[in-house]
Amino acid sequence: MHRPGVLKTKTYILLFLMVAFGSVGNTLLDKGMKHNGSLDLSTRSALWSGFLHTFGNGTIGLGIMCMLAFMVCHMLVLSWADYSFVMPFSAVAYALVPLLGYVWLGETVHATRWAGIGLIVFGVYLISRTPPSTSQPAWETRGAGPR
């Protein structure tokens with residue numbers, strides 16, 4: 001049986017990693033695709049060339065690796081925290097992505113977007129004040145436990 005404090009700490013660590021990997025991965029994919037330029041889908045040879053050019057780009061490869069790490073963290077945290085806690089909490093990425101876009105990609109982020117981001121962060125703060133899990137794991141309800 002997991003102690004609640006340990007489970008809560010693990011949940012927040014994985015949530016942080018999930019948000020970080022997802023945000024950085026998406027930013028890397030954006031940077032790589034903007035470097036490649038638009039893809040030509042008009043012919044089979046153009047499509048094949050675009051495929052090779054895209055997946056031969058190291059930035060895109062690193063972005064894909066970050067997105068795979070995001071998916072692993074997402075699956076792990078969903079194994080012990082409520083979906084209704086994890087998904088709204090993951091909205092922190094909506095604050096991190098514009099920040100990365102502004103700092104790393106040189107994008108302009110208008111005041112209206114920053115205000116919306118502030119509301120999202122406040123909502124995540126409210127969610128973080130609730131318990132990550134309100135239900136028992138399946139193995140506890142069946143009477144079996146981890147050995």
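That block above? That's the structure.
Here goes a summary of the coordinates provided. Small disclaimer: the values here were computed from a predicted structure and weren't measured. Along each chain, residue indices are assigned from 1 in the same order as the chain's sequence is written. In keeping with the predicted nature of the model, local features appear solely for residues at pLDDT of at least 70, side-chain atom pairs appear and are counted solely at 80 or more, and the whole-chain, interface and lining totals rest on all residues. To obtain the side-chain values, all non-hydrogen atoms of the structure were used and water was disregarded.

With that settled, the discussion passes to the overall build of the protein. Helix numbers and strand numbers start at the N terminus; a helix is a DSSP run of H or I with at least 4 residues, a strand a run of E with at least 2. A count of helices and strands for the protein gives seven helices and zero strands. Of all intrachain contacts in the protein linking residues separated by at least 6 positions in sequence, the fraction that spans at least 24 positions is 78%. Total accessible area computed for the protein in this model is approximately 9800 Å², and 69% of it derives from carbon and sulfur atoms. Throughout, a contact is declared for two residues whenever any of their heavy atoms are within 4.5 Å. Surface accessibility follows the Shrake-Rupley procedure with a 1.4 Å probe radius. Residue values consider only the protein chains on display as shielding.

Grouped burial of nonpolar side chains is what soluble globular proteins tend to show. Ranked by internal contacts, the top residues of the largest apolar core, which has 14 residues, are Leu 15, Met 18, Val 77, Trp 80 and Val 86. If you list the elements that add at least two residues to this core, you get α1 (4-36), α3 (58-78) and α4 (83-89). The greatest single-element share of this core, amounting to four residues, is contributed by α1. Only buried Ala, Val, Leu, Ile, Met, Phe, Trp, Tyr and Cys residues count toward a nonpolar core, and they belong to the same one when joined by side-chain atoms within 4.5 Å. Relative accessibility under 20% of the residue-type maximum defines a buried residue, over 50% an exposed one, and the middle range a partly exposed one, all with a 1.4 Å probe and only protein chains included.

Attention now goes to the packing of helix α5 (residues 93-103) against helix α6 (residues 111-128). Axis separation between α5 and α6 bottoms out at 8 Å; the angle between their running directions is 145 degrees. When α5 is examined against α6, the residues Tyr 94, Ala 95, Pro 98 and Leu 99 are found in contact with a partner set consisting of Trp 114, Ile 117, Ile 120 and Val 121. Tallied by class, the residues present in the contact of α5 with α6 amount to eight nonpolar, no polar and no charged. Note on definitions: angles span 0 to 180 degrees between N-to-C directions of axes, and those axes are lines fitted to C-alpha atoms, for helices only across the stretch in contact. Residues are grouped as follows: Ala, Val, Leu, Ile, Met, Phe, Trp, Tyr, Cys and Pro are nonpolar; Asp, Glu, Lys and Arg are charged; every other residue, Gly included, is polar.

In this section: helix α2 (residues 44-55). A helix is expected to span 1.5 Å for every residue after the first. Over its twelve residues, α2 runs 16 Å from end to end, which matches the ideal 16 Å to within 8%, given 1.5 Å per residue. Of the residues making up α2, those classed as buried are Ala 46, Gly 50 and Thr 54. The arc that holds the buried residues of α2, viewed along the axis, is 65 degrees, so those residues lie on one side. Those residues of α2 that are exposed and aimed more than 90 degrees away from the buried face are Arg 44, Ser 45, Trp 48 and Phe 55. The reported arc concerns the directions from the helix axis to the C-beta atoms and nothing else.

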